[in-house]
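Given next are the chains, with one letter for each unit.
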Amino acid sequence: MKNIKAKYFGDKDFYKMILAIALPIVIQSLFTNFVAMLDNVMVGKVGTDQMTGVAVVNQLFFVFNLAVFGGMSGAGIFSAQYFGRKDHKGVRNVFRMKFIIGLFVIAISLSIFIILHEPLINMFLHEGGESGNIAATFHYAKNYLFVMLFSIIPFVISNCYSTTLKEAGQTTVPMIAGVIAVIVDFVFNALLIFGLLGFPKLGVVGAAIATVLSRFVECGYLMFYTHRHSDKYQFIIGAYRNLHVPMHLVKNILAKGTPLLFNEVLWAAGIAMQTQAMSTRGLPAVAGLNIANTINNVVNTAFLTMGIAISIVIGQLIGAGKEKEAVDTDRKMIVFSILISLGVSAILLIAAVLFPQIYNTTGEIRYLASRFILVYALAAPFNAFTNASYFTLRSGGKTIMTFIFDSGFIWCINVPLAMILAHLTSMPIVWMFLCISMLDAVKSIIGFILVKRKTWLNTIVE
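None of these values were measured; they are calculated from a predicted model.

Chemist: Which residues make up the environment of Phe14, and what values go with them?
Modeler: Relative to the assigned elements, Phe14 resides in helix 2 (residues 12-46). Taking the relative accessible area as the measure of exposure, Phe14 reaches 12% and is therefore buried. In sequence terms Phe14 and Tyr233 are 219 residues apart; their C-alpha atoms lie 26 Å from each other. Non-local contacts of Phe14, meaning those with residues more than four positions away in its chain, are made with Thr329, Lys332 and Met333.

Chemist: Kindly report on the nonpolar core, identifying the contributing residues and their values.
Modeler: Within the largest apolar cluster, 135 residues are counted, with the highest numbers of intra-cluster contacts made by Phe61, Phe64 and Phe355. With 19 residues, the single largest contributor to this core is helix 10 (residues 283-319). Apart from the residues within four sequence positions on either side, Phe64 is in contact with Val105, Ser109, Phe113, Ile152, Phe155 and Val156.

Chemist: Tell me about helix 4 (residues 88-122), and name the residues and values.
Modeler: Under the 1.5 Å per step criterion, the end-to-end length of helix 4 is 47 Å for 35 residues, consistent within 8% with the ideal 51 Å. The largest bend along helix 4 reaches roughly 80° and is located at Leu116, with the proline Pro119 sitting one to four residues downstream.

Chemist: Can you lay out unusual backbone geometry for me, pointing to particular residues and giving the numbers?
Modeler: Positive phi, close to 55°, is recorded for Leu197, a residue that is not glycine. Considering the arrangement of structural elements, one finds Leu197 in the loop between helix 7 (172-194) and helix 8 (204-228).

Chemist: Provide a residue-level description of the pattern of salt bridges, including the pertinent values.
Modeler: Evaluation of the coordinates by the stated rule reveals 4 salt bridges. A salt bridge links Lys98 to Glu167; the shortest N-O distance between them is 2.8 Å. Highlighted residues: Lys98 in helix 4 and Glu167 in helix 6 (residues 152-167), separated in sequence by 69 residues. We classify Lys98 as buried; its relative accessible area is 0%. One salt bridge connects Asp328 with Lys332, and the closest N-O pair in it is separated by 3.0 Å.

Chemist: If you had to explain a nonpolar patch on the surface to someone new, which residues and values would you point to?
Modeler: Together, Phe104, Ile108, Ile112, Ile114, Ile115, Leu116 and Phe146 give the surface a local cluster of nonpolar side chains, amounting to about 680 Å² of exposed area. Considering every element that reaches the nonpolar patch, the biggest residue donor is helix 4, with 6 residues. One can find Phe146 in helix 5 (residues 134-148). Residue classification places Phe146 among the partly exposed residues on the basis of a relative accessible area of 31%.

Chemist: Account for the side chain of Gln274, naming residues and giving values.
Modeler: Here Gln274 shows up in helix 9 (residues 247-279). Contacts of Gln274, omitting those with residues within four sequence positions, involve Ile410, Asn414, Ala418 and Ile436.

Chemist: So what about the environment of Val313? Which residues, and what values?
Modeler: Within the secondary structure layout, Val313 lies in helix 10. A C-alpha to C-alpha distance of 9.8 Å links Val313 and Met333, two positions 20 residues apart in sequence. Apart from the residues within four sequence positions on either side, Val313 is in contact with Met17, Ile18, Ile21, Thr329 and Met333.

Cut-offs and rules
- Residues numbered from 1 in each chain as written.
- Predicted model: local features only at pLDDT ≥ 70, side-chain atom pairs only at ≥ 80, totals over all residues.
- Heavy atoms only, no water.
- Helix = DSSP H or I, 4+ residues; strand = E, 2+ residues; numbered from the N terminus.
- Buried < 20%, exposed > 50% of the residue type's maximum accessible area, 1.4 Å probe, protein only.
- Contact = heavy atoms within 4.5 Å.
- Core = buried A, V, L, I, M, F, W, Y, C linked by side-chain atoms within 4.5 Å.
- Expected span 1.5 Å × (residues − 1).
- Bend = angle between axes of the 7 residues up to and from the residue.
- Salt bridge = Lys/Arg side-chain N within 4 Å of Asp/Glu carboxyl O.
- Patch = residues over 30% accessible without salt bridge, like charges linked within 9 Å, V, L, I, M, F, W, Y side chains within 5 Å.
- Areas by Shrake-Rupley, 256 points an atom, 1.4 Å probe, with all protein chains shown as cover.

See the structure below:
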């Protein structure tokens, strides 16, 4: 019994170390998602069409957000290992590479959203059910999207700074920046959506303006703090003197990072395609999924952010040459993540009854939302394990493996099943959602095998 406990559970100092890194990330993500939930409820109070329009655009921005995350993460594998070796010059070069990648993501994203916004939005708008107006929903979605485009540049720059600070083990500062940003977002949402205190009543456009303001505030805080403390974060000294990155590092980052970038984009696109398949059951399905996703994103934060902690801790241990300790630490962090997910499932079971009642919408949409939340509760432990497995594989630079495990699975298994169920059967939407969500159980088995093989123990920095 003692051997099992020592193998799968750490001592008090172990959990203090994990929580010191993970807790600020959890708080930042929890606060961000909680305010996003309040924003969603506020828009939902305005009307169902407005809520659905915003949900469609947020689904599109979800792909963009993960493209940024993938671009930063691919380079970030190197940052974590350079920090483990206390190589500030190496970190500086990686930071520059993140900035260059960010410029490409900005250019591509703006082009796609501006040129293809109409067909992208219409992908999710289908007749069906008793709720929703397609023309009105498209109108609200388009207005929301064009204001949100102004948030793209500060969001990318913020990620260059926040990811590098996190890879240094500094998770408190990005947390503070995120908390300040969400406070700004929440306050201006209330003022501009409903027209409080003499502000104009702008509805969904007001929600978009509030988000843009919060992005600029977050970006400004991160830049100010990092440059003000350049003695501690020496990578920023001379970072903008030029954008030169040694060619060997460029090749290595592109070799390791490009699969990760494409993985995040394709994974997010796969999630979007699943949603699109379910949207064929009508606007109520999209609205119900939006409500369920809102509460799910809040409570799932607890175990999803553990993945980021895994990539930081394990990456630094591998960079320092402590492979045996990396394996032991990773095993215990995965177990910890699963235990957290069990608590998440319990919260979702309660939320399934109460949360949909907050929204000013139809009984049909509330019913669907409650059933979707129950499915999320059932899938949470499998989601936690696959998330932890993904970040374990990524920490050692096994990006091709993570690409196959993540994007390969969703495009070869999830998306085809979703399309078959949507277009070749008359299966009710709740059962469709259950079948698609429980594919994570199969993915967990694959993740267990890949982690057990330990091929992710790989040093990638010189």
